[in-house]
Amino acid sequence: MDQDYSNMKKWQQKIHEVIFGYHTAAGRLFDLALLVAILTSVLIVMLESVNDIETHYGEELRMIEWGFTFLFSIEYLARILSSPRPLKYVTSFMGIVDLLSLVPTYLSFFIVGTHSLSVIRSFRLIRVFRILKLTHFMGGAQQLGTALWGSRHKIVVFMGTVVCIVVIAGTMMYLIEGGKNGFTSIPKSIYWAIVTITTVGYGDIAPQTIFGQTAASVLMILGYAIIAVPTGIVTSQMMTDARKLGPVTCSNCGEDDLPKRSRFCLNCAARLNNPPG
């Protein structure tokens with residue numbers, strides 16, 4: 001076990017086993033209860049946005065939402081108190097998500113309607129994946145993030161090229177079609193080019209001339225080719241990274257199947273003592 005964990009008091013260790021652990025019956029029960037609470041609280045926030053339901057049951061729903069917020073606040077404080085490294089937990093991704101999931105409800109005291117942002121707590125479901133034997137998805141998510149970061153230079157170049165294409169195409173359509181066909185300005189024509197090249201095709205603006213329709217056809221076909229480029233870039237990077245990754249187990253909480261190059265545990269935010277890879 002981690003040295004910091006061993007130095008904790010008995011009551012802190014017991015709380016840690018329940019909140020951060022999942023190998024015990026109490027830990028699994030806590031995760032299941034947390035899963036139900038998160039889903040229920042998010043559902044309540046969604047129901048509050050329905051006018052008929054808000055009119056008849058708005059007050060009751062708000063009281064239930066405050067009840068969940070109070071419970072989540074206690075849980076957040078318990079995580080800090082029972083963490084071997086409280087600061088590491090607070091500044092970790094899940095620690096920040098836990099905090100942000102509480103802020104909107106308290107912020108509604110000052111700004112009306114901000115409690116709707118409480119749906120961010122749905123991100124907390126990531127933590128309870130382990131009770132469903134889905135922890136390997138966490139490693140997959142980190143691998144995807146690593147691949148995106150590793151291919152960032154190629155993606156920036158690609159996005160710059162796309163921006164140039166839509167600016168040139170929008171300007172051409174402004175000159176070809178003109179204001180009489182809806183292309184009243186270059187920015188609006190660029191908007192049309194973006195909508196067209198992404199294959200969305202709202203149809204609020206459409207070329208009417210033969211030259212405009214020909215240029216639009218070329219742009220549509222180009223759009224399909226452009227969609228495939230980022231996929232190839234990221235996939236290539238993921239294949240490169242996959243050769244360097246392997247399963248790692250956290251010595252603090254027992255979380256396994258962590259990426260080899262992880263610096264901190266995805267579950268308890270403890271530092272991993274891994275050899276450089």
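Shown above is the structure to which this text applies.
Everything quoted here is computed from the prediction, not taken from an experiment.

### Details of the pattern of salt bridges
Moving on, step 1. What the rule picks out here adds up to four salt bridges.
Moving on, step 2. Across the salt bridge formed by E48 and R62, the nearest N and O atoms sit 4.0 Å from each other. Within this pair, whereas E48 is found in helix α3 (residues 25-48), its partner R62 is found in helix α4 (residues 51-82), the two being separated by 14 residues in sequence.
Moving on, step 3. You can call E48 buried: its relative accessible area is 8%.
Moving on, step 4. For the salt bridge of E54 with R62, the shortest nitrogen-to-oxygen distance reads 2.9 Å.
Moving on, step 5. Taking relative accessible area as the criterion, E54 reaches 27% and is therefore assigned partly exposed.

### A word on the side chain of T196
Moving on, step 1. In this structure, T196 sits in helix α10 (residues 186-197).
Moving on, step 2. Within the local environment of T196, its side chain forms a polar contact with the backbone oxygen of W192, the two atoms lying 2.8 Å apart.
Moving on, step 3. Not counting residues up to four positions away in its chain, the partners in contact with T196 are A216, L219 and M220.

### A look at a nonpolar patch on the surface
Moving on, step 1. A surface patch of nonpolar side chains, amounting to about 940 Å² of accessible area, comprises W66, I96, L99, L100, V103, Y106, L107, F109, F110 and I111.
Moving on, step 2. Residue assignment for the nonpolar patch shows that the elements contributing at least two residues are α6 (93-100) and α7 (103-107).
Moving on, step 3. In this structure, W66 sits in helix α4.

### Examining the packing of aromatic side chains
Moving on, step 1. Enumeration over the complete set of coordinates arrives at five aromatic pairs.
Moving on, step 2. Plain terms: the ring middles of W66 and Y106 are 5.6 Å apart, the flat faces sit at 70° to each other, and that makes the pair edge-to-face. With W66 in helix α4 and Y106 in helix α7, this pair connects stretches of sequence that are 40 residues apart.
Moving on, step 3. Since its relative accessible area comes to 31%, W66 is described here as partly exposed.
Moving on, step 4. Among the residues examined, Y106 registers a relative accessible area of 35% and is labelled partly exposed.
Moving on, step 5. Between Y76 and Y89 the ring centres are 6.0 Å apart and the planes differ by 45°, which places this aromatic pair in the tilted class. Note that Y76 is positioned in helix α4 and Y89 in helix α5 (residues 86-91), a separation of 13 residues in sequence.
Moving on, step 6. For Y76, a relative accessible area of 10% puts it in the buried group.
Moving on, step 7. Three or more aromatic residues link up through ring pairs in this structure, and these residues are F20, Y76 and Y89.
Moving on, step 8. Over the face of the ring belonging to F20 we find R79, whose NZ or CZ atom lies 5.2 Å from the ring centre.
Moving on, step 9. R152 extends its terminal NZ or CZ atom over the ring of W149, reaching a point 3.9 Å from the ring centre.

Reading guide: rules and limits
- Residues numbered from 1 in each chain as written.
- Predicted model: local features only at pLDDT ≥ 70, side-chain atom pairs only at ≥ 80, totals over all residues.
- Heavy atoms only, no water.
- Salt bridge = Lys/Arg side-chain N within 4 Å of Asp/Glu carboxyl O.
- Helix = DSSP H or I, 4+ residues; strand = E, 2+ residues; numbered from the N terminus.
- Buried < 20%, exposed > 50% of the residue type's maximum accessible area, 1.4 Å probe, protein only.
- Polar contact = N/O pair within 3.5 Å; in protein donor to acceptor, adjacent residues only side chain to side chain.
- Contact = heavy atoms within 4.5 Å.
- Patch = residues over 30% accessible without salt bridge, like charges linked within 9 Å, V, L, I, M, F, W, Y side chains within 5 Å.
- Areas by Shrake-Rupley, 256 points an atom, 1.4 Å probe, with all protein chains shown as cover.
- Phe/Tyr/Trp six-rings, centres within 6.5 Å; stacked < 30°, edge-to-face > 60°.
- Lys NZ or Arg CZ within 6 Å of the ring centre and 35° of its normal.

Read these as layout, nothing more, since geometry by itself doesn't imply function.
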